[in-house]
Amino acid sequence: MKIFKYIFFVCCALFLLQSCIVSSKPNIDFFSKSKYDSEDAKFASFNVPLFLAKPYIKKALREEGESEAAIAMVKKVSKIKMMTVANGSEAMLKDYANYLKNENYEDWATIKHDGDNVNIRVKQKGDVIKNMLITVNSKKDMVFLDVKGNFTADDISRMITIASDK
């Protein structure tokens, strides 16, 4: 009977950790449905299992001396999808921006740092922001973060302030 319990727990653990696997297929809607999936662009994507990541993120933020506001933001996150694109193009980024505009995302901030552009776009329903898309663009390499949670405008403003103070 012990061996069946052991096998059951191992199977459950493998099921929960399957989202940690890195995929070469895009996991963000626009790219999985577009022509860019078949061009020269190289995709790497994965979903971050938050039950594993949140404790490490909070610990790292505390060790770096970050404010409690940054740590409180981590608590409000419910899901994160991350995707990197190598050999991306400006046309790809423009098409993505147009897609987000058509999907009712609002452009909240653009931060320039060392030649890289960081764009923050949000989709809100009333006063609650349910989805935040963060795009980091540096020449041919791009990083896309799709963050879901329950945020307020003040939360996002604090996050932008914390990021731009660095």
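The structure we're discussing is the one just above.
Residues numbered from 1 in each chain as written. Predicted model: local features only at pLDDT ≥ 70, side-chain atom pairs only at ≥ 80, totals over all residues. Heavy atoms only, no water.

Peer 1: So what exactly am I meant to see when it comes to helix α3 (residues 50-63) here?
Peer 2: Note: α-helices contain 3.6 residues per turn, so residues at a spacing of three or four share the same orientation. Taking 1.5 Å as the rise per residue, α3 with 14 residues should run 20 Å; its terminal C-alpha atoms sit 19 Å apart, in good agreement. Here α3 has its buried residues at Leu50, Ala53, Lys54, Lys58 and Leu61. The arc that holds every buried residue of α3, seen down its axis, measures 130°, which confines them to one face. Pointing more than 90 degrees away from the buried face of α3 are the exposed residues Tyr56, Lys59 and Glu63. Contacts from the buried residues of α3 go to β1 (42-48), α4 (68-76) and β2 (77-86). Glycine 65, located one to two residues past α3, shows a positive phi value of around 80°. (Helix = DSSP H or I, 4+ residues; strand = E, 2+ residues; numbered from the N terminus. Expected span 1.5 Å × (residues − 1). Buried < 20%, exposed > 50% of the residue type's maximum accessible area, 1.4 Å probe, protein only. Arc of directions from axis to C-beta. Contact = heavy atoms within 4.5 Å.)

Peer 1: I would appreciate a short explanation of the environment of aspartate 155 in the present structure.
Peer 2: Following the sequence through the fold, aspartate 155 ends up in helix α6 (residues 153-165). On the basis of relative accessible area, aspartate 155 is assigned to the buried category, the value being 5%. The spacing of aspartate 155 and methionine 73 is 82 residues in sequence and 6.8 Å in space, taken between C-alpha atoms. Those residues in contact with aspartate 155, other than ones at most four positions away along the chain, are Met73 and Lys76.

Peer 1: Before we go on, may I ask you to explain the sheet that holds strand β3 (residues 106-113) in this structure?
Peer 2: Consider a sheet: its strands pair through backbone hydrogen bonds, and that pairing is either parallel or antiparallel. The strand order across the open sheet formed by six strands is β1-β2-β6-β5-β4-β3, and the pairing between neighbours is antiparallel. Two strands lie at the open edges of the sheet, namely β1 and β3, each paired on one side alone. On average, each strand axis in the sheet is inclined to that of its neighbour by 15°, with strand direction left out of account. Here β1 runs beside β2; their pairing, made up of seven bridges, is antiparallel. Bridging across to β2, phenylalanine 43 finds its partner in valine 85. Along the sheet face, α3 touches β1 and β2 and points at about 90° away from the line of β2. (Pairing = 2+ DSSP bridges. Axes fitted to C-alpha atoms, helices over the stretch in contact; angles between N-to-C directions.)

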